[in-house]
Amino acid sequence: MKSLSTGKIWLFATGQFGWSLLSGLISNWLVYFYQPDEASIAQGQTIFIPQGLVVLGIFTVIGGITACGRLFDAVTDPFIASLSDRCTSKKGRRIPFLKWASLPLALSTVLVFWSPVNQISRINAIFLFAMVMLYYLSITAYCTPYNALIPELGHNQQERLNISTIISFTFIAGTAVAYLAPVIWGTLIPVFGRVNAIRVTFAVMAVIAFVCMQIPVWSINEKEYVNTVPSQDSAFSSLVSTFRNKEFCKFVGSDILYWIAITMFQTGLPFFVTSLLKLPETMTTIYFVGMTALSLVFYIPINKLAPKFGKKKLILAAFVIFALAYLYTGFLGKISLISANAQGLILMVTASLPMAVFGILPQAVVADIAQSDSKRTGNNREGMFYAARTFSFKLGQSLSMLLFTAVSTIGTASGAGYRIAAFGAALFCILGGVIFLLYNEHKINQSIL
């Protein structure tokens, strides 16, 4: 079978830019939009859904909705993966899913922020719940087959690492563009008002994302690069077989804790900036884009160092640095000797290296494990490995959203809840690193030589 040229890899990676842009809009701005802080309300943000601890007397409405969405997403992952693994389309096992999932994914992302009633209403909460479910179903239908193509298009470790590196560029670029949203909607507020300016901004971004997600569909003939026999396993039996892989379970255990931590950090970043540092919300964009640009500097070195030192050592180092960065975040605004802007810059610089490591290497680790398992069992279940990973880390994201939206209501004026969230993220990172110590990278590498 053909190997992907560098140009084809970039065309494939454009799809990652599209879905990561949409994912960034949801993960970065959903809570910020529906559970606004005092600064946002003062700037004209409308409150659309009931606030406070009203779900089971413990969690907020937005926390409950987002957690349910991620749980629904986690449950549907194995079924989408199984459908993709067993697909017999003449276009391949993965590309047809990318083609048909793009439009509902882009549309549902926009509708998530388009509440039908322009005031606090339970109708808005019900509508939001339905749109969040549609969004998560759509992103699963696109991302699970997309990720399954990584070990299939990469025919050896270096090719898989190259694909992971390039799609990490576009992933982080898409997420960075999502963080540009406040700059864009800030220019539109005089014309549309705050809420509609946000909606227009997201609608334009969704159109761009849709076009990008369609590029792999029309530029890559899957049959020319992938020669696999559709799996015959049912969704349940395939999922069970996947979790019988001990090295995969070790990786997934650490990955869950990482995603709890990073979700708390990403969701909290706008609040860390406005509530703890007392800076304008547009500074969120500056810090994240700066963090992104710095992380890109490390991409090529990481790609070169991974074969030399191994992926495990680099990931463990990233866990440690991220834990320190999150711990530092909990003290933002309290360091009187350093200006607020300088405190934000320190966080930006510190988080850039581990962001690069986690942007590249976990995908490559899963690809190695999937390839190892395929050689050992003779069963091509690449889609299920990625689905099982997302099934697990989305459970972690669900817990993270519940935790963040609950603790963020503590001492809203002082920002105490946001500090608790940052300290919690540091703890989860430490635990994730401890579990990843158990991963036997040597065993996996030996089996795929």
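The rules we used
- Residues numbered from 1 in each chain as written.
- Predicted model: local features only at pLDDT ≥ 70, side-chain atom pairs only at ≥ 80, totals over all residues.
- Heavy atoms only, no water.
- Helix = DSSP H or I, 4+ residues; strand = E, 2+ residues; numbered from the N terminus.
- Rg over C-alpha atoms; globule rule 2.2 N^0.38 Å.
- Contact = heavy atoms within 4.5 Å.
- Areas by Shrake-Rupley, 256 points an atom, 1.4 Å probe, with all protein chains shown as cover.
- Lys, Arg positive; Asp, Glu negative; His and termini not counted.
- Charge placed at Lys NZ, Arg CZ, Asp CG, Glu CD.
- Phe/Tyr/Trp six-rings, centres within 6.5 Å; stacked < 30°, edge-to-face > 60°.
- Buried < 20%, exposed > 50% of the residue type's maximum accessible area, 1.4 Å probe, protein only.
- Arc of directions from axis to C-beta.
- Axes fitted to C-alpha atoms, helices over the stretch in contact; angles between N-to-C directions.
- Parallel < 35°, antiparallel > 145°, perpendicular 65-115°, else oblique.
- Left-handed = near helix turned anticlockwise from the far one by under 90°.
- Nonpolar A, V, L, I, M, F, W, Y, C, P; charged D, E, K, R; others polar.

Participant: So what exactly am I meant to see when it comes to the overall build of the chain here?
Facilitator: Each helix and strand in the chain was counted, giving 18 helices and two strands. Taking 2.2 N^0.38 as the reference for a compact globule, 449 residues should give roughly 22 Å; the C-alpha atoms of the chain span a radius of gyration of 21 Å, in line with that estimate. Counting only C-alpha atoms and orienting by the principal axes, one finds that the chain spans roughly 60 × 45 × 40 Å. Long-range pairs, those at least 24 residues apart, make up 83% of the contacts in the chain with a sequence separation of at least 6. For the chain, the computed accessible surface area is about 17,000 Å², with 70% contributed by carbon and sulfur atoms. Looking at the chain, you have 31 positive and 17 negative side-chain charges, and the mean spots of the two groups are 1 Å apart.

Participant: Where do I start with the packing of aromatic side chains in this structure?
Facilitator: Aromatic ring pairs are reported here in terms of the distance separating the ring centres and the angle at which the planes meet. One pass over the structure, following the stated rule, counts 33 aromatic pairs. Ring geometry for Trp19 versus Phe171: centroids 5.7 Å apart, planes at 55°, classification tilted. With Trp19 in helix 1 (residues 6–34) and Phe171 in helix 6 (residues 157–179), this pair connects stretches of sequence that are 152 residues apart. Residue Trp19 is classed as buried on the basis of its relative accessible area of 11%. The interplanar angle of 35° and the centroid separation of 6.3 Å between the aromatic rings of Tyr258 and Phe322 together place this pair among those described as tilted.

Participant: Help me understand helix 13 (residues 299–309) in this model?
Facilitator: In an α-helix there are 3.6 residues to a turn, and that puts residues three or four apart on one side. Listing the buried residues of helix 13 in full gives Tyr299, Ile302, Asn303 and Ala306. The arc enclosing the buried residues of helix 13, seen along the axis, measures out at 105°, which places them on a common side. Residues of helix 13 that are exposed and angled more than 90 degrees away from the buried face: Lys304 and Lys308. Buried positions along helix 13 lie against helix 6, helix 12 (282–297), helix 14 (311–329) and helix 15 (340–377). Gly310, located one to two residues past helix 13, shows a positive phi value of around 95°.

Participant: Even after reading the chapter, I still don't get the environment of Val365, so can you show me in this structure?
Facilitator: On the secondary structure map, Val365 appears in helix 15. Classification of Val365 as buried rests on a relative accessible area of 2%. Linking Val365 and Leu399, residues 34 residues apart in sequence, is a C-alpha distance of 24 Å. Not counting the four nearest positions on each side in its chain, Val365 is found in contact with Phe251, Lys311, Ile315 and Tyr439.

Participant: What is the right way to read unusual backbone geometry from this model?
Facilitator: Negative phi values dominate among residues other than glycine, just as trans dominates among peptide bonds. Positive phi, close to 60°, is recorded for Lys278, a residue that is not glycine. Here Lys278 lies in the loop between helix 11 (246–276) and helix 12. For Lys278, a relative accessible area of 59% puts it in the exposed group.

Participant: Would you take a moment to explain the packing of helix 1 against helix 8 (residues 194–219) for this structure?
Facilitator: Two quantities define a packed helix pair, namely the angle between the helix axes and the distance between the axes. Closest axis-to-axis distance for the helix 1/helix 8 pair is 7 Å, and the angle between their directions is 155°. It follows that helix 1 is roughly antiparallel to helix 8 by the angle criterion. When the axes of helix 1 and helix 8 are compared, the crossing they make is left-handed. Its residues assigned to classes, the contact of helix 1 with helix 8 shows 21 nonpolar, four polar and three charged.

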